[in-house]
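Tertiary structure, described
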Amino acid sequence: HEVKDHSLSHFLSQKAETLELLGDHLRLYQIHSATLASGVLDNQEVLDALRKFRDTSGARLGLSLSGAEQGETLRKAMSCGVFDTVQATWNLL
């Protein structure tokens, strides 16, 4: 089972690495595998840091969803007012 680290410290280190690699070419920054259980959508420190990053960098923010509660997670993400895009998992089977 894959575990995602959605902590503030992890976001800050990944943001720095992303900016170092992409610089002014960055147009979309996504957090991956957001779920209700991951807690990222309830972590005000992370949400505030994401907002600040969006406002200062001009990059759009997105998230990818995983798991059985994608609909609920998407509704929660939309209520945060932080995210511009979503990548949802869909499987016909």
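Every value quoted in this text rests on a predicted model; they were computed, and no experiment measured them.

1. A look at the pattern of salt bridges
Following the criterion strictly, the structure yields three salt bridges and no others. For Lys76, the salt bridge goes to Asp42, with nearest N and O atoms at 2.6 Å. Here Asp42 lies in the loop between β1 (28-34) and α2 (44-57) and Lys76 lies in helix α3 (residues 70-80), a separation of 34 residues in the sequence. Overall, Lys76 belongs to the partly exposed group, its relative accessible area being 29%. Measuring nitrogen to oxygen at the nearest pair gives 3.0 Å for the salt bridge that ties Arg51 to Asp48. With Arg51 and Asp48 both in helix α2 and three residues apart, this pair spans about one turn of that helix.

2. What about the nonpolar core?
Core analysis: the largest hydrophobic core is formed by 20 residues, its most contacted members being Leu41, Leu50, Leu61, Leu63, Val82 and Phe83. Elements with a contribution of two residues or more to this core: β1, α2, β2 (60-65) and α3. Aside from chain neighbours lying at most four places away, what touches Leu50 is Phe11, Leu61, Val82 and Phe83.

3. Some points on the confidence of the model for the chain
Confidence along the chain averages 92 in pLDDT terms, with 96% of residues attaining 70 or more. Confidence, expressed as mean pLDDT per element, reaches its minimum in the chain at β1 with 93 and its maximum at α2 with 96.

4. Observations concerning the layout of surface pockets
When its volume is computed, the largest pocket comes out at roughly 250 Å³. Taken together, 15 residues form the lining of the largest pocket, with Gln14, Tyr29, Gln30, Ile31 and His32 sitting closest to its centre. No other element matches the five residues that β1 contributes to the lining of the largest pocket. Grouping the amino acids of the lining of the largest pocket by side-chain chemistry returns six nonpolar, seven polar and two charged.

5. A short note on the side chain of Thr73
As for its placement among the helices and strands, Thr73 is situated in helix α3. A relative accessible area of 0% means that Thr73 is categorised as buried. Apart from the residues within four sequence positions on either side, Thr73 is in contact with Ala34, Thr35, Leu36, Leu41 and Leu65.

The rules behind the values
Residues numbered from 1 in each chain as written. Predicted model: local features only at pLDDT ≥ 70, side-chain atom pairs only at ≥ 80, totals over all residues. Heavy atoms only, no water. Salt bridge = Lys/Arg side-chain N within 4 Å of Asp/Glu carboxyl O. Helix = DSSP H or I, 4+ residues; strand = E, 2+ residues; numbered from the N terminus. Buried < 20%, exposed > 50% of the residue type's maximum accessible area, 1.4 Å probe, protein only. Core = buried A, V, L, I, M, F, W, Y, C linked by side-chain atoms within 4.5 Å. Contact = heavy atoms within 4.5 Å. pLDDT = per-residue confidence, 0-100. 1 Å grid on protein atoms, 1.4 Å probe; cavity = no way out; pocket = protein on both sides within 12 Å on 5 of 7 lines; lining within 4 Å. Points joined across faces, edges and corners; volume = space filled by probe spheres on them. Nonpolar A, V, L, I, M, F, W, Y, C, P; charged D, E, K, R; others polar.

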